[in-house]
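Listed here are the chains, written in short residue letters.
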Amino acid sequence: MYKNKNCSLYLGVVVAERLCRHLFKDVKVMPHGNPDFDIICNRGKKIDVKSATVTFTGKNSKYPRWSFNIDRNTTADFFILVAFDNLTDLNPLHLWMIPGKEVNNQSSASIRPSTIHKWDKWKRNIEEVQLCCVELKKSNHEI
């Protein structure tokens, strides 16, 4: 998964989790496969990091959305959802940090551009994450 950019785990584990390590100081990264959360922040909060690229649904595939698998996770204190443009360019477009109690009763969270305003209270500044991606791409390092 670390070398195969087409693998679904690459976006979530390799890219999104690495980007989130830049958002928090002194995070503890859980080993791959740890159930229910990926990192523990310096305040002791368990955070499950989710990522998605835009997909299209509906008749003639004209309705874009990002879908995040929550899987009724009641262990995570927070979910970080990172929305990317596609698997090729890997440009982060949006980032939300949502308290677990807001979404942990759901199997998934689907965010559409037409309803994105409903998620505004959890939206975080994406600039730092975008800068991290740009710097990594410039230096030709793997994200």
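## Describing the sheet that holds strand β5 (residues 63-69)
- Read from one edge to the other, the open sheet built from three strands follows the order β4-β5-β8, with strand pairing classed as antiparallel. Across the chains shown, the open sheet's two edge strands, defined by having one partner strand only, are β4 (55-57) and β8 (108-111). If you compare each strand with its neighbour and ignore which way they point, the axes differ by 45° on average.

## Concerning the packing of aromatic side chains
- Within this structure, the stated rule accounts for two aromatic pairs.
- Between the aromatic rings of phenylalanine 68 and tryptophan 96, the centroid separation amounts to 6.3 Å while the plane-to-plane angle is 75°, which identifies the pairing as edge-to-face. Note that phenylalanine 68 is positioned in strand β5 and tryptophan 96 in strand β7 (residues 92-99), a separation of 28 residues in sequence. By the burial criterion, phenylalanine 68 is buried, and tryptophan 96 matches it.

## Considerations on the nonpolar core
- If you look at the biggest cluster of nonpolar residues, it comprises 16 residues, and the most contacted ones within it are Trp66, Phe68, Leu81, Trp96, Ile98, Ile111 and Trp119.
- Elements with a minimum of two residues in this core: β5, β6 (78-84), β7 and β8.
- Element by element, the count of residues in this core is highest for β6, at three residues.
- Contact partners of isoleucine 111, with chain neighbours within four places excluded, come to Arg65, Trp66, Phe68, Leu81, Trp96, Ile116 and Trp119.
- Listed in part, the 15 residues of the second largest apolar core include Leu19, Phe24, Val82 and Ile126.

## As for the pattern of salt bridges
- A complete count under the given rule lists one salt bridge for this structure.
- The partner of lysine 50 in a salt bridge is aspartate 48, with the nearest N and O atoms 3.3 Å apart. Aspartate 48 matches lysine 50 in its accessibility class, with the two residues each being buried.

## Details of the environment of lysine 121
- Position of lysine 121 among the secondary structure elements: in the loop between β8 and α3 (127-138).
- When the C-alpha positions of lysine 121 and methionine 97 are compared, they lie 9.1 Å apart, and in sequence the two are 24 residues distant.

## What about the side chain of asparagine 73?
- With respect to the secondary-structure elements, asparagine 73 resides in the loop between β5 and β6.
- Side chain to side chain, asparagine 73 and aspartate 48 meet in a polar contact 3.1 Å long.
- Side-chain polar atoms of asparagine 73 contact the backbone nitrogen of alanine 76, separated by 3.2 Å.

## Some thoughts on the pairing of β8
- Only one face of β8 is buried, namely the one carrying Ala109 and Ile111, since none of Ser108 and Ser110 on the opposite face is buried.
- Of the strand pairs in this sheet, β5 and β8 are connected by four bridges, and their pairing is antiparallel. Across the sheet, residue tryptophan 66 finds its bridge partner in β8, namely isoleucine 111.

## Things to note about unusual backbone geometry
- Of note in this structure, aspartate 71 is not a glycine but carries a positive phi near 55°.
- Positioned with a positive phi, arginine 72 is a non-glycine residue whose angle comes to about 50°.
- In this structure, arginine 72 sits in the loop between β5 and β6.

## Digging into the sheet that holds strand β2 (residues 39-40)
- Here five strands make up an open sheet; going across it, the order is β1-β2-β3-β6-β7 and the pairing mixed. Across the chains shown, the open sheet's two edge strands, defined by having one partner strand only, are β1 (28-29) and β7.
- Across seven bridges, strand β3 (residues 46-53) lies against β6 in parallel orientation. Bridge pairing in β6 links aspartate 48 to phenylalanine 79.

The rules behind the values
- Residues numbered from 1 in each chain as written.
- Predicted model: local features only at pLDDT ≥ 70, side-chain atom pairs only at ≥ 80, totals over all residues.
- Heavy atoms only, no water.
- Pairing = 2+ DSSP bridges.
- Helix = DSSP H or I, 4+ residues; strand = E, 2+ residues; numbered from the N terminus.
- Axes fitted to C-alpha atoms, helices over the stretch in contact; angles between N-to-C directions.
- Phe/Tyr/Trp six-rings, centres within 6.5 Å; stacked < 30°, edge-to-face > 60°.
- Buried < 20%, exposed > 50% of the residue type's maximum accessible area, 1.4 Å probe, protein only.
- Core = buried A, V, L, I, M, F, W, Y, C linked by side-chain atoms within 4.5 Å.
- Contact = heavy atoms within 4.5 Å.
- Salt bridge = Lys/Arg side-chain N within 4 Å of Asp/Glu carboxyl O.
- Polar contact = N/O pair within 3.5 Å; in protein donor to acceptor, adjacent residues only side chain to side chain.

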